[in-house]
Protein chains: 4
Amino acid sequence: MAEHDDPLGIRSDTSRAGAFADGVFAIVITLLVLDLRPPHVPPGQLLRGLLAQWPSYLAYVTSYLYVAVVWLNHKASLSRIRLMDPFLHWANLGILFTTALLPFPTAVISEVMEAENSQDVRVAVALYALVGVMLCASWVVFFQYLKWHPEFVKEGVGSRFFKGETKRAWAGVALYAAAGVLGYLVAPWIGLVIFLVVPVFYGMTSHGWNTWGRHRRWG
Amino acid sequence: MAEHDDPLGIRSDTSRAGAFADGVFAIVITLLVLDLRPPHVPPGQLLRGLLAQWPSYLAYVTSYLYVAVVWLNHKASLSRIRLMDPFLHWANLGILFTTALLPFPTAVISEVMEAENSQDVRVAVALYALVGVMLCASWVVFFQYLKWHPEFVKEGVGSRFFKGETKRAWAGVALYAAAGVLGYLVAPWIGLVIFLVVPVFYGMTSHGWNTWGRHRRWG
Amino acid sequence: MAEHDDPLGIRSDTSRAGAFADGVFAIVITLLVLDLRPPHVPPGQLLRGLLAQWPSYLAYVTSYLYVAVVWLNHKASLSRIRLMDPFLHWANLGILFTTALLPFPTAVISEVMEAENSQDVRVAVALYALVGVMLCASWVVFFQYLKWHPEFVKEGVGSRFFKGETKRAWAGVALYAAAGVLGYLVAPWIGLVIFLVVPVFYGMTSHGWNTWGRHRRWG
Amino acid sequence: MAEHDDPLGIRSDTSRAGAFADGVFAIVITLLVLDLRPPHVPPGQLLRGLLAQWPSYLAYVTSYLYVAVVWLNHKASLSRIRLMDPFLHWANLGILFTTALLPFPTAVISEVMEAENSQDVRVAVALYALVGVMLCASWVVFFQYLKWHPEFVKEGVGSRFFKGETKRAWAGVALYAAAGVLGYLVAPWIGLVIFLVVPVFYGMTSHGWNTWGRHRRWG
């Protein structure tokens with residue numbers, strides 16, 4: 001694009017989109033800890049109370065990992081984007097929307113795990129899976145748009161990059177959908193294991209599906 | 001302005017104003033999710049409890065959309081501003097003040113929607129409308145000042161831009177006032193529909209009233 | 001300072017100090033709204049409940065104004081600083097510490113104002129005044145150090161600037177101390193009026209004691 | 001590293017890592033104040049209620065100091081890093097994870113201090129020590145990796161720097177482990193004193209173990 005088409009840099013402002021996203025991710029990751037509260041137990045029972053809260057700790061670790069991975073992905077993507085049009089800004093805001101939702105199903109799942117009603121656990125697993133599907137779907141929209149509009153991508157980024165990212169995002173949609181269906185219909189622990197595995201999978205491939213091989217070489 | 005008039009860059013510091021605004025918007029957008037809590041229901045009733053909270057979800061989506069639009073507007077405006085004097089900083093702080101208020105009427109409206117007392121719903125709608133009027137009025141002040149002081153605007157920005165923005169802000173004042181009056185005197189749902197429609201209207205015109213035609217061409 | 005004395009820019013890093021401060025101020029200003037909650041009233045009494053919360057609104061406005069002024073002062077000061085040594089960083093962290101405290105006395109004061117026990121109101125006013133004194137005292141330390149160490153100040157900043165700022169900070173210490181003593185011993189409303197007046201005073205002089213005259217000319 | 005090896009700057013992005021960390025630290029430092037609440041006391045007892053909360057104030061000061069020191073360390077380290085690979089990003093996210101945990105043991109410790117059950121106090125001290133050990137251990141990983149990979153460090157940074165930092169981090173692991181063991185088995189106050197002393201120790205050496213002498217010269 002020639003400079004005179006956009007003298008005010010309206011379309012190229014990835015820096016403020018990055019700063020805003022950093023703010024949202026930083027707050028989400030920190031709000032998660034607000035659900036870790038001193039347990040309400042009789043005097044002398046603090047240790048037992050703290051140990052009984054283990055589902056909260058697991059939920060905290062899982063969601064922290066997830067947001068950390070979202071941040072790494074976001075950084076890796078934005079560093080390859082040359083400019084953003086309104087649609088891309090809205091796709092970005094969609095990612096922030098679904099990420100900001102995460103503390104809600106996290107709180108629900110850690111609460112019902114302590115109460116141990118099996119029907120409620122299934123519902124909570126399905127809710128977490130639903131938010132997971134929405135989050136991955138918002139990435140699909142973002143990456144798909146960039147795949148279709150190479151004019152927004154920096155020179156030197158191979159077309160394979162956003163193709164690979166789109167595949168990764170679809171994999172997430174499928175995995176969370178499976179976690180929700182299996183966790184609700186078969187056994188909640190299947191869903192919970194998938195919730196913990198997905199961020200690890202994304203984390204290991206967070207600099208792009210195709211750069212996984214290169215990544216090992218960096219050490 | 002010649003460089004020697006402002007050797008310390010006091011008047012030109014839009015970058016820190018942008019960073020501060022990003023912080024406030026990021027926190028407001030994330031605080032909204034704090035009102036989505038695990039429902040207090042008897043064991044086995046989680047699904048019913050989650051579904052009964054639908055007004056909270058709608059309130060969350062509406063307010064999220066609103067803050068997202070405020071962020072886009074803020075970014076689009078600041079990228080056209082060359083320097084800020086104290087008045088403009090205070091006008092900016094006024095926008096942040098009214099935006100930061102938003103979680104309060106959002107929490108009120110989602111609470112009374114679940115309780116379903118019709119008088120309280122009317123009051124809550126009027127309160128949300130009042131904050132909406134204040135928010136749009138703070139934009140009127142900001143844009144009007146820029147319309148009157150073109151020396152603060154970057155070269156190359158046509159005078160039509162901030163004229164169009166001032167009109168959009170006045171439209172918001174009128175719409176929220178109408179939502180409050182009609183929602184209070186006639187029927188709350190009229191107000192609620194307007195609350196959802198206004199951010200969509202602003203979102204579609206967020207790169208300026210006059211660039212709406214161009215925007216479509218960008219796809 | 002010659003470049004080879006500090007090849008890593010350790011001492012010149014005002015940018016991250018500014019970003020960190022922006023984050024803290026943005027969060028403090030937004031946390032204040034968390035104390036505005038839907039009132040707990042019987043069905044149909046929402047309007048009365050909202051109106052009865054007026055001390056919370058006043059406390060919110062006062063503290064918002066205060067943090068806004070702190071942000072403006074901080075920006076104006078940092079833009080004049082060339083580099084920061086560890087002491088200056090700790091002085092800056094002291095300002096952030098006392099500012100981050102502000103939501104606590106704000107919550108106390110708005111709670112006791114609704115309960116209307118006169119002894120508690122006096123204590124709450126004294127507590128708010130104490131935090132105000134601490135906040136202004138942390139500015140005294142910051143400005144005094146810069147007055148004594150002109151080597152940290154950018155060229156072109158007259159020595160009068162930080163002298164004037166030190167005076168303004170001492171004025172704040174004196175005003176809050178007076179507010180606390182008079183509010184506790186004589187009548188709480190004296191303290192409350194001072195709490196509202198001080199940020200307005202600082203706001204009007206926020207680009208430096210000596211530039212107040214110039215400020216008017218900018219319009 | 002030649003430019004063509006990393007045309008997109010994927011590995012060199014310390015700026016967004018710094019901005020994200022600033023956001024997390026700013027939120028953690030501000031969330032700590034949320035545990036300072038107006039005391040629930042009968043009318044007229046506010047002063048007594050405020051004074052009875054002294055353990056909360058001490059916990060607030062201690063944790064604030066700690067996060068402030070983490071921020072200073074983080075800034076000092078990042079300003080010496082030339083580029084970050086995925087492992088270093090994850091090590092950084094580990095530091096943010098353990099820092100974001102801090103409000104949890106802080107809330108636990110200030111709650112049990114007020115209740116004064118001696119067994120619970122021991123457990124709370126051990127919990128705080130555990131998080132302290134985890135936090136220092138995450139720094140060990142970060143510094144150790146930089147010690148082993150000088151190619152990520154800026155030119156001009158002597159190899160002694162990250163060696164000294166690794167030592168400081170190990171010292172923290174040892175001190176918190178001692179605080180936990182002594183505080184649990186012997187007397188809680190030993191742990192509490194160590195908790196307050198460690199941040200002071202780190203603060204005084206926050207620009208590197210070896211620059212402590214130089215630091216004094218800066219005044």
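1. Considerations on the overall build of chain A
Then comes step 1: Scanning chain A for helices and strands turns up nine helices and zero strands.
Then comes step 2: Secondary structure elements of chain A occur, N-terminal to C-terminal, as α-α-α-α-α-α-α-α-α.
Then comes step 3: Counting over 219 residues, chain A shows a buried share of 61%.
Then comes step 4: Counting contacts in chain A only where the partners sit at least 6 residues apart, residues at least 24 apart contribute 79% of the total.
Then comes step 5: Accessible surface, chain A as shown: approximately 8600 Å² in total, 65% of it carbon and sulfur.

2. Considerations on the environment of Val-24 of chain B
Then comes step 1: By secondary structure assignment, the location of Val-24 of chain B is in helix 1 (residues 14–31).
Then comes step 2: Sequence separation between Val-24 of chain B and Gly-183 of chain B is 159 residues, and the spatial gap between their C-alpha atoms is 29 Å.
Then comes step 3: In contact with Val-24 of chain B, not counting residues within four places along its chain, are Leu-96 of chain B together with Ala-26, Ile-29 and Thr-30 of chain C.

3. Observations concerning the relation of the copies chain A and chain D
Then comes step 1: Of the two same-sequence chains, chain A is brought onto chain D (RMSD 0.0 Å, axial shift 0.0 Å) by a rotation of 90°. The transformation just described matches what one would write down for a four-fold rotation axis. Every residue of chain A has its C-alpha some distance from the rotation axis, and the shortest such distance is that of Gly-23 of chain A, at 4.2 Å.

4. Here's the deal with the interface of chain A and chain D
Interface size, as often reported, equals the accessible area lost upon joining of the parts.
Then comes step 1: Each side of the interface is counted separately: chain A has 45 residues, and chain D has 39 residues.
Then comes step 2: Approximately 3600 Å² of surface area, both sides summed, lies buried where chain A meets chain D, with 72% of it carried by carbon and sulfur atoms.
Then comes step 3: Taking the shortest distance from any N to any O, the salt bridge between Asp-22 of chain A and Arg-16 of chain D comes out at 3.0 Å.
Then comes step 4: Where chain A packs against chain D, one counts eight residue pairs in polar contact (both at pLDDT 80 or more).
Then comes step 5: For the side of chain A that touches chain D, the secondary-structure elements that each account for two or more residues are helix 1 (14–31), helix 2 (46–52), helix 3 (54–78) and helix 9 (212–217) of chain A.
Then comes step 6: Top contributing element to the side of chain A that touches chain D by residue count: helix 3 of chain A, with 12 residues.
Then comes step 7: Broken down by class, the residue content of the side of chain A that touches chain D amounts to 27 nonpolar, 11 polar and seven charged.

5. Some words on the pattern of salt bridges
Residues and elements named next belong to chain B.
Then comes step 1: Following the criterion strictly, the structure yields eight salt bridges over all chains and no others.
Then comes step 2: A salt bridge links Glu-165 to Arg-168; the shortest N-O distance between them is 3.1 Å. Residue Glu-165 and its partner Arg-168 are both found in helix 7 (residues 159–185); the two are separated by three residues, about one turn of the helix.

6. Notes on the packing of helix 4 (residues 86–101) of chain B against helix 6 (residues 118–148) of chain B
Residues and elements named next belong to chain B.
Then comes step 1: In contact at an axis separation of 9 Å, helix 4 and helix 6 are set at 165° when each is read in the N-to-C sense. Here helix 6 runs roughly antiparallel to helix 4, going by the angle between their axes. Crossing handedness for the pair helix 4 and helix 6: left-handed. Taking contact as the criterion, the partners of Phe-87, Leu-88, Ala-91, Asn-92, Gly-94, Ile-95, Phe-97, Thr-98, Thr-99 and Leu-101 in helix 4 are, on helix 6, Val-131, Met-134, Leu-135, Ser-138, Trp-139, Val-141, Phe-142, Tyr-145 and Leu-146.
Then comes step 2: Taken together, the residues of the contact of helix 4 with helix 6 break down into 14 nonpolar, five polar and no charged.

7. Notes on the side chain of Gln-144 of chain C
Then comes step 1: Summarising the element assignment, Gln-144 of chain C is placed in helix 6 (residues 118–148).
Then comes step 2: If near-sequence neighbours (up to four positions away) are discounted, Gln-144 of chain C is found in contact with Thr-166 and Trp-170 of chain C.

8. Section: a nonpolar patch on the surface
Then comes step 1: On the surface, Leu-47 and Leu-51 of chain A together with Val-181, Leu-182, Tyr-184, Leu-185 and Val-186 of chain D cluster together to form a nonpolar patch covering roughly 640 Å² of accessible area.
Then comes step 2: Put simply, the parts of the chain that give the nonpolar patch at least two residues each are helix 2 of chain A together with helix 7 (159–185) of chain D.
Then comes step 3: Per element, the largest residue contribution to the nonpolar patch is four residues, and it comes from helix 7 of chain D.
Then comes step 4: Tracing the backbone through its elements, the reader meets Tyr-184 of chain D in helix 7.

9. So, the relation of the copies chain A and chain B
Then comes step 1: Here chain A sits on chain B after a turn of 90° about the axis and a move of 0.0 Å along it, with an RMSD of 0.0 Å.
Then comes step 2: An asymmetric contact is evident, with only 3% of the interface residues of chain A recurring at the interface of chain B.

10. With respect to the interface of chain A and chain B
Then comes step 1: Between chain A and chain B, the contact holds 39 residues from the first and 45 residues from the second.
Then comes step 2: Counting each side, the surface lost to burial between chain A and chain B is near 3600 Å², with a carbon and sulfur contribution of 73%.
Then comes step 3: For the pair chain A and chain B, the interface holds one salt bridge.
Then comes step 4: On the surface where chain A and chain B come into contact, there are eight residue pairs in polar contact (both at pLDDT 80 or more).
Then comes step 5: Here the element with the most residues in the side of chain A that touches chain B is helix 1 of chain A; it accounts for nine residues.
Then comes step 6: For the side of chain A that touches chain B, the residue count by class is 26 nonpolar, five polar and eight charged.

11. Structural notes on the packing of helix 7 of chain B against helix 8 (residues 188–204) of chain B
Residues and elements named next belong to chain B.
Then comes step 1: Where helix 7 contacts helix 8, the two axes come as close as 7 Å, and the packing angle between them is 165°. Accordingly, the angle class assigned to the pair helix 7 and helix 8 is roughly antiparallel. Considering the relative orientation of helix 7 and helix 8, their crossing is left-handed. Where helix 7 approaches helix 8, its residues Arg-168, Ala-169, Ala-171, Gly-172, Leu-175, Tyr-176, Ala-178, Ala-179, Leu-182 and Gly-183 are matched on the opposing element by Pro-188, Ile-190, Gly-191, Ile-194, Phe-195, Val-198, Pro-199 and Tyr-202.
Then comes step 2: For the contact of helix 7 with helix 8, a count of residues per class yields 14 nonpolar, three polar and one charged.

12. Comments concerning the packing of aromatic side chains
Residue and element names in this part refer to chain B.
Then comes step 1: Applying the stated criterion across every chain, the model contains 64 aromatic pairs over all chains.
Then comes step 2: On the basis of an interplanar angle of 40° and a centroid distance of 5.9 Å, the ring pair of Phe-143 and Phe-162 is categorised as tilted. You can see Phe-143 sitting in helix 6 and its partner Phe-162 sitting in helix 7, a full 19 residues away along the chain. For the pair formed by Phe-143 and Phe-162, the shared burial category is buried.

13. Description of the environment of Lys-167 of chain D
Residues and elements named next belong to chain D.
Then comes step 1: With respect to the helices and strands, the residue Lys-167 is situated in helix 7.
Then comes step 2: Lys-167 gets classed as exposed once you look at its relative accessible area, which sits at 52%.
Then comes step 3: Between the alpha carbons of Lys-167 and Gln-144 there is a distance of 9.5 Å; along the sequence they are 23 residues apart.

14. Overview of the confidence of the model for chain A
Residues and elements named next belong to chain A.
Then comes step 1: The pLDDT averaged across chain A works out to 84; a share of 88% of its residues lies at or above 70.
Then comes step 2: No element of chain A has a lower mean pLDDT than helix 9, which averages 41, and none a higher one than helix 6 (residues 118–148), which averages 94.
Then comes step 3: Counting interchain partners and residues more than four positions distant, the pLDDT-below-50 stretch residues 1–9 has 12 contacts.
Then comes step 4: Of the regions scoring below 50 in pLDDT, residues 208–219 engages in 21 contacts with residues more than four places distant in sequence or in other chains.
Then comes step 5: Taken over the whole predicted complex, pTM reads 0.85, whereas the ipTM for its chain interfaces reads 0.82.

Calculation criteria
- Residues numbered from 1 in each chain as written.
- Chains lettered and ligands numbered in written order.
- Predicted model: local features only at pLDDT ≥ 70, side-chain atom pairs only at ≥ 80, totals over all residues.
- Heavy atoms only, no water.
- Helix = DSSP H or I, 4+ residues; strand = E, 2+ residues; numbered from the N terminus.
- Buried < 20%, exposed > 50% of the residue type's maximum accessible area, 1.4 Å probe, protein only.
- Contact = heavy atoms within 4.5 Å.
- Areas by Shrake-Rupley, 256 points an atom, 1.4 Å probe, with all protein chains shown as cover.
- Least-squares fit on C-alpha atoms with pLDDT ≥ 70 in both.
- Buried area = accessible area lost by both parts, 1.4 Å probe.
- Salt bridge = Lys/Arg side-chain N within 4 Å of Asp/Glu carboxyl O.
- Polar contact = N/O pair within 3.5 Å; in protein donor to acceptor, adjacent residues only side chain to side chain.
- Nonpolar A, V, L, I, M, F, W, Y, C, P; charged D, E, K, R; others polar.
- Axes fitted to C-alpha atoms, helices over the stretch in contact; angles between N-to-C directions.
- Parallel < 35°, antiparallel > 145°, perpendicular 65-115°, else oblique.
- Left-handed = near helix turned anticlockwise from the far one by under 90°.
- Patch = residues over 30% accessible without salt bridge, like charges linked within 9 Å, V, L, I, M, F, W, Y side chains within 5 Å.
- Phe/Tyr/Trp six-rings, centres within 6.5 Å; stacked < 30°, edge-to-face > 60°.
- pLDDT = per-residue confidence, 0-100.

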